Amino acid sequence: MIEVNALSKRFGDVVAVEDLSFRVGAGEILGFLGPNGAGKSTTMRVIAGFIAPSGGSAAVCGHDVVREPLAARRALGYLPEGAPAWPEMTPRGFLGFIADVRGLAGEHRRRRLDDVVGRLGLAPVLDRSIETLSKGFKRRVGLAQAILHDPPVLVLDEPTDGLDPNQKHEVRALIREMAPGKTIVISTHILEEVHAVCTRAIIVARGRLLADERPAALEARSRYHGAVTATLAAAADLDRAAALLAELPGVTAVERSADEPRLTALAAPGAALFDPVAAALERGHVALHELRLETGRLDEVFRTITTAAEAQP
Amino acid sequence: MTGLGAVYRRELASYFATPLAYVFIVIFLLLAGAFTFWLGGFYERGQADLAPFFNFHPWLYLFLVPAVAMRLWAEERRSGSIELLLTLPLRPATAVAAKFLAAWTFVAIALALTFPIWITVNYLGAPDNGAIVAGYLGSLAMAGGFLAIGSCLSAATRSQVIAFILTVVVCFVLLLAGYPLVLDAFRGWAPPALVDAVASLSLLTHFQAISKGVLDLRDCLYFAMTIGAWLYATTLVLELRKAD
């Protein structure tokens, strides 16, 4: 469990995090979202005990990160941003070192090492120096280090940054697989990741908490939530179709795509538009390629929330 | 203390994983030999002792030891591995001590490889081997002092070049603290007690006492306290500016 309470961090005059509070329980995967420089990494560094908070507190499994730093760090697996390691070491030497520092010994040590090497597919590169590895393998070595002692709490700062789509998929699968019983926080600015792995998402900007919800609830904040998008067969029908949709009850606006014969009817809160739109277009004999109900656009919610915060003085 | 051993072993191995260790050892041995035989007049003196060998160590260390020390923390900071190291369940003091001990062991290995000169002097005459052992210990203690200073200054910056230059300057001032070059800067304005205090900080005076074969408790304490104080300062500097 992670508890962050009224946390703030200043670097000189710069306020990196301000009055941030949240809790993450076992079994949750929290997505930590925000624009670059929003205070995500700073918050994670405080939780990991790398930097001390200027105010407020953070605790890992009940251990305050300032008063009981060693107990907190033992309960925590941490992947720092960019997955740093010692470039001249091999993954075998590196993981062996982490195991030694974390006090793993004997049969248990061997089993844990085998487990992470197997899970992250490190076997083919175990004896090559880390500096010669691809970005994907470097990231995996960093992840292996974080989960080596099977910690109850994982804090991963941009675990999929710089990976190719296949590697991203693998890392997300790995995170989901480990999730039961663990508390996981991942920071990211890739919004599809929130869908793919997170059970909850918080959005921060300028060090302040702006939203703390399930991904679906965040999407519901989108003005596209409940909207219906129609892709027409012929661009000639666009004006007529737009007029038809605009007359429907519950439609607040109709947006046109700039480069495709596509219309989006935005829904008033609570309005169910799919059937009325389908019926109206059929009555008007508008030929369709596709008709789609939108759940909401996370990137749009993200932009709306964070740009509003940036605009504030 | 499992962490201390693990960090120590990792650090020591890392010296030998790069050409740095071999370059350092070769240059150290070449320069030590050159100073002893040409500048020190090892043969011409006609005395069976290692004074010409040890006398040049402070000057040799002045440039070589900061080269070892400069990477201690600056490199970790630059590559970001400092964040990994200091979020492991280790006290910062443990990490500082382990890294220092590994660097010191490395210099000790280089120093130990000068053993042929000890064999030579025993072959040529009958030296006071007790004095030679004291000389080696004094030399090692001084290297430890330089390393501790370098450790602290390396923790203060992410640039190895800055760490190197600062360490050379601080070591140079401390070496000569008992000599007019440094003392004259204080004599004009400082009370005599302060001038004496500065003079007693001189690494060279303490080193020369030991290298003559006199293992005085005061000199040993001096080196122990120098190392301890600078390592403590390293820990403080790290705590203050870990994330910069």
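Residues numbered from 1 in each chain as written. Chains lettered and ligands numbered in written order. Predicted model: local features only at pLDDT ≥ 70, side-chain atom pairs only at ≥ 80, totals over all residues.

Draft legend 1. Geometry of the overall build of chain B. Along the backbone of chain B there are 14 helices and zero strands. Ordered by position in the sequence, the α and β elements of chain B form the string α-α-α-α-α-α-α-α-α-α-α-α-α-α. Relative to the compact-globule value of 18 Å for 244 residues, chain B shows a C-alpha radius of gyration of 19 Å, a close match. When its C-alpha atoms are laid out on the principal axes, chain B stretches across 55 × 50 × 30 Å. Evaluated residue by residue, chain B yields a buried proportion of 41% over its 244 residues. (Helix = DSSP H or I, 4+ residues; strand = E, 2+ residues; numbered from the N terminus. Rg over C-alpha atoms; globule rule 2.2 N^0.38 Å. Buried ≥ 20, exposed ≤ 12 C-beta atoms within 10 Å, placed from the backbone.)

Draft legend 2. Representation of the domain arrangement of chain A in the model. Domain boundaries in chain A define domain 1 (2-220) and domain 2 (228-294). The C-alpha centroid of domain 2 of chain A is placed 43 Å from the C-alpha centroid of domain 1 of chain A. (Domains from an automatic or database assignment.)

Draft legend 3. Seen up close, helix H6 (residues 165-178) of chain A. With 14 residues, H6 of chain A extends 20 Å between its outermost C-alpha atoms, agreeing within 8% with the 20 Å of an ideal straight helix rising 1.5 Å per residue. Against strand E3 (29-33), helix H5 (135-147), strand E8 (183-188) and helix H7 (191-197) of chain A lie the buried residues of H6 of chain A. (Expected span 1.5 Å × (residues − 1). Contact = placed C-beta atoms within 7 Å.)

Draft legend 4. Representation of the sheet that holds strand E12 (residues 251-256) of chain A within the structure. All names here are of chain A. On the basis of which strands lie adjacent, the open sheet formed by four strands has the order E12-E13-E11-E14 and antiparallel pairing. In this open sheet, the two edge strands, each paired with only one partner strand, are E12 and strand E14 (288-293). Averaged over all adjacent pairs, the angle separating strand axes in this sheet is 15°, with direction ignored. Across five bridges, strand E11 (residues 228-232) lies against E14 in antiparallel orientation. From the neighbouring strand, Leu232 faces E14, where its bridge partner is Leu288. Packing against the sheet, helix H9 (residues 238-247) makes contact with E11, E12 and strand E13 (262-267), and its axis sits at approximately 165° to E12. In the packing of helix H10 (residues 274-283) onto the sheet, the strands contacted are E11, E13 and E14, and the crossing angle to E11 comes to about 25°. (Pairing = 2+ DSSP bridges. Axes fitted to C-alpha atoms, helices over the stretch in contact; angles between N-to-C directions.)

Draft legend 5. Quick peek at the pairing of strand E7 (residues 153-157) of chain A. Residues and elements named next belong to chain A. Where burial is concerned, most of E7 is hidden: five out of the five residues are buried. Across four bridges, the pairing between strand E6 (residues 76-79) and E7 is parallel. Bridging from a neighbouring strand, Leu79 pairs with Leu156 of E7. One ladder, built from five bridges, connects E7 with E8; its direction is parallel. Its bridge partner being in E8, Val155 is matched across the sheet by Val185. Crossover E7 to E8 through H6 is right-handed. (Right-handed = clockwise from strand over helix to strand, strands pointing away.)

Draft legend 6. Looking closely at the packing of helix H9 (residues 129-155) of chain B against helix H13 (residues 203-211) of chain B. Residues and elements named next belong to chain B. Contact geometry of H9 with H13 gives a least axis separation of 7 Å together with a crossing angle of 160°. When the axes of H9 and H13 are compared, the pair comes out roughly antiparallel. Crossing angle aside, the handedness with which H9 passes H13 is right-handed. On H13, the residues that touch Ala134, Gly135, Leu137, Gly138, Ser139, Ala141, Met142 and Gly145 of H9 are Leu203, Phe207, Ile210 and Ser211. Residues that form the contact of H9 with H13 fall into these classes: seven nonpolar, five polar and no charged. (Parallel < 35°, antiparallel > 145°, perpendicular 65-115°, else oblique. Left-handed = near helix turned anticlockwise from the far one by under 90°. Nonpolar A, V, L, I, M, F, W, Y, C, P; charged D, E, K, R; others polar.)

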